Amino acid sequence: MVFTETTSADKPHQLILVTGPARSGKSEWAEQLAAQSDKAVVYVATAQVDPTDAEWQARIAQHQQRRPAGWQTLAIPVELSAAIHTASATDCLLIDSLGTWLANVLEQDDITWQQTVTTLITSLQQCESDVVIVAEETGWGVVPAYRLGRQFRDRLGHLMRQIGAIADVVYLVTGGYALNLSVLGVPLPAVKRSNQADF
C-alpha cells in the first residue's frame, strides 16, 4: 500500500527514510513498510554485539524476535555502502539503523568522513533494490557537552538531510503516529557541505 502509491513505472524501486526519537516506533514502522514491499526483505543490522552489555543485548533480541522467519539478516557494522551496492533488484533492504552505523565510524577524520558520505549517497542513488533506512533524531535536545557527542549529532543531522533530499518518501514517527513529511512538508534547498556545527 505505502510502496505502490508512490512508485512509478519509470522507477520500480524506492528509497524511504524513517526517522524519529528513541522508542518512537520507527523501527516497527520501517518493518511494516519493508513487509509491504512484496520483495525479499534483507535486514541490515548495523549494531555491533557487545556480550558485556545486557541492556544492549536485550534491545537487539527484541528486534530479532519481531522479524519474520523468512527475512535474511546481515550484520553490517561498517561496510554499509558495499552492502547497498550489491543488493539485488528483487530485494528490499531494511537498514536499522543509520545512527548506530555512524557511531561505528565516528572516529573518521573530516576528510575520510566526507568520502564515506559521498560513497554512501552514491550507492543509494545507484541501488536497484528498495531501501528503507531507520535513523535517529538526536538534535532536538540540548547541545552535547562533549566534542564527540556534538560531532555525532552534527554528522547524523547533515547525513539525514542529504538522504532525505534524495529519498522518495520521508517519515517522521512520533507520539504513536507516522507522518509522511514528503506530503506534509516543503523541501529545503540542497544541503551545503560544511564541517561547522549547527547551533
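Everything quoted here is computed from the prediction, not taken from an experiment. (Residues numbered from 1 in each chain as written. Predicted model: local features only at pLDDT ≥ 70, side-chain atom pairs only at ≥ 80, totals over all residues. Heavy atoms only, no water.)

Student: In this structure, what is going on with the sheet that holds strand β5 (residues 130–136)? I would like to understand it.
Tutor: Hydrogen bonds between backbone groups are what pair the strands of a sheet, and the pairing can be parallel or antiparallel. Pairing is mixed across the open sheet formed by seven strands, whose spatial order is β3-β2-β4-β5-β1-β6-β7. Strands at the two margins of the open sheet, each flanked by one partner only, are β3 (72–75) and β7 (177–180). Going from strand to strand, the sheet's axes swing by 20° on average, the running direction of each strand aside. (Pairing = 2+ DSSP bridges. Helix = DSSP H or I, 4+ residues; strand = E, 2+ residues; numbered from the N terminus. Axes fitted to C-alpha atoms, helices over the stretch in contact; angles between N-to-C directions.)

Student: Mind showing me how you'd approach the confidence of the model for the chain here?
Tutor: Regions with low pLDDT should not have their predicted coordinates read in detail. Looking at the chain, the pLDDT average stands at 88 and 89% of residues meet or exceed 70. Low pLDDT, under 50, characterises residues 4–9; the predicted model gives this stretch four contacts beyond four residues in sequence or across chains. Every residue in residues 194–199 is under pLDDT 50, and counting partners more than four places away or in other chains gives twelve contacts. (pLDDT = per-residue confidence, 0-100. Contact = heavy atoms within 4.5 Å.)

Student: Whenever I open this one, the pattern of salt bridges confuses me. Can you help?
Tutor: Oppositely charged side chains can form a pair if their charged atoms are brought close together. In this structure the tally under the stated criterion is three salt bridges. Notably, a salt bridge pairs Arg155 with Asp110, separated by 3.0 Å at the nearest N-O pair. With a gap of 45 residues between them, Arg155 in helix α6 (residues 147–166) and Asp110 in helix α5 (residues 110–126) connect regions that are remote in the sequence. With relative accessibility at 37%, the residue Asp110 sits in the partly exposed group. Note that Arg153 is salt-bridged to Asp154, the shortest N-O span being 2.7 Å. Across the pair, exposure class does not vary: Arg153 and Asp154 are buried alike. (Salt bridge = Lys/Arg side-chain N within 4 Å of Asp/Glu carboxyl O. Buried < 20%, exposed > 50% of the residue type's maximum accessible area, 1.4 Å probe, protein only.)

Student: Help me understand the packing of α5 against α6 in this model?
Tutor: A packed helix pair is summarised by two numbers, namely the angle formed by the two axes and the spacing between the axes. Viewed as axis vectors pointing N to C, α5 and α6 meet at an angle of 25°, and their least axial separation amounts to 11 Å. The angle between α5 and α6 falls in the class roughly parallel. The interaxial crossing formed by α5 with α6 has right-handed handedness. Here Asp110, Trp113, Val117, Leu120, Ile121, Leu124 and Gln125 of α5 lie close against α6, whose contacting residues are Arg155, Leu159, Gln162, Ile163 and Ile166. Looking at the contact of α5 with α6, its residues break down into eight nonpolar, two polar and two charged. (Parallel < 35°, antiparallel > 145°, perpendicular 65-115°, else oblique. Left-handed = near helix turned anticlockwise from the far one by under 90°. Nonpolar A, V, L, I, M, F, W, Y, C, P; charged D, E, K, R; others polar.)

Student: Any chance you could explain a nonpolar patch on the surface here in plain terms?
Tutor: Taken together, the side chains of Tyr177, Leu179, Leu181, Val183 and Leu184 define a hydrophobic patch exposed on the protein surface, amounting to about 530 Å² of accessible area. Elements that contribute at least two residues to the nonpolar patch include exactly β7 and α7 (181–184). A per-element tally of the nonpolar patch places α7 first, with three residues. The residue Leu184 is located in helix α7 in this model. (Patch = residues over 30% accessible without salt bridge, like charges linked within 9 Å, V, L, I, M, F, W, Y side chains within 5 Å. Areas by Shrake-Rupley, 256 points an atom, 1.4 Å probe, with all protein chains shown as cover.)

Student: Could you clarify how one ought to interpret the packing of aromatic side chains in this entry?
Tutor: Aromatic rings in a pair are described by how distant their centres are and how their planes are angled relative to each other. If you walk through the whole model with that rule in mind, you get two aromatic pairs. Aromatic pair Trp29 and Tyr171: ring centres 5.4 Å apart, planes at 75°, arrangement edge-to-face. Of the two residues, Trp29 sits in helix α1 (residues 26–35) while Tyr171 sits in strand β6 (residues 169–174), which places them 142 residues apart along the sequence. Both residues of the pair, Trp29 and Tyr171, belong to the buried class. Measuring from ring centre to ring centre gives 5.9 Å for Trp101 and Trp113, while their planes differ by 40°; the resulting arrangement is tilted. Within this pair, whereas Trp101 is found in helix α4 (residues 98–104), its partner Trp113 is found in helix α5, the two being separated by twelve residues in sequence. Taken individually, Trp101 and Trp113 each receive the classification buried, so the pair is uniform in this respect. (Phe/Tyr/Trp six-rings, centres within 6.5 Å; stacked < 30°, edge-to-face > 60°.)

Student: Please clarify how the nonpolar core should be interpreted in this entry.
Tutor: Most often, soluble globular proteins keep nonpolar side chains buried together rather than apart. Membership of the largest hydrophobic core comes to 32 residues, with the highest contact counts inside it found for Leu98, Trp101, Ile133, Leu159 and Ile163. Broken down by secondary-structure element, the contributors of at least two residues to this core are β1 (15–20), β2 (40–45), α3 (80–85), β4 (91–96), α4, α5, β5 and α6. In contact with Ile163, not counting residues within four places along its chain, are Leu15, Leu17, Leu98, Ile121, Leu124 and Ile133. Within the second largest apolar cluster, 17 residues are counted, among which are Ala30, Ala34, Val132 and Tyr171. (Core = buried A, V, L, I, M, F, W, Y, C linked by side-chain atoms within 4.5 Å.)

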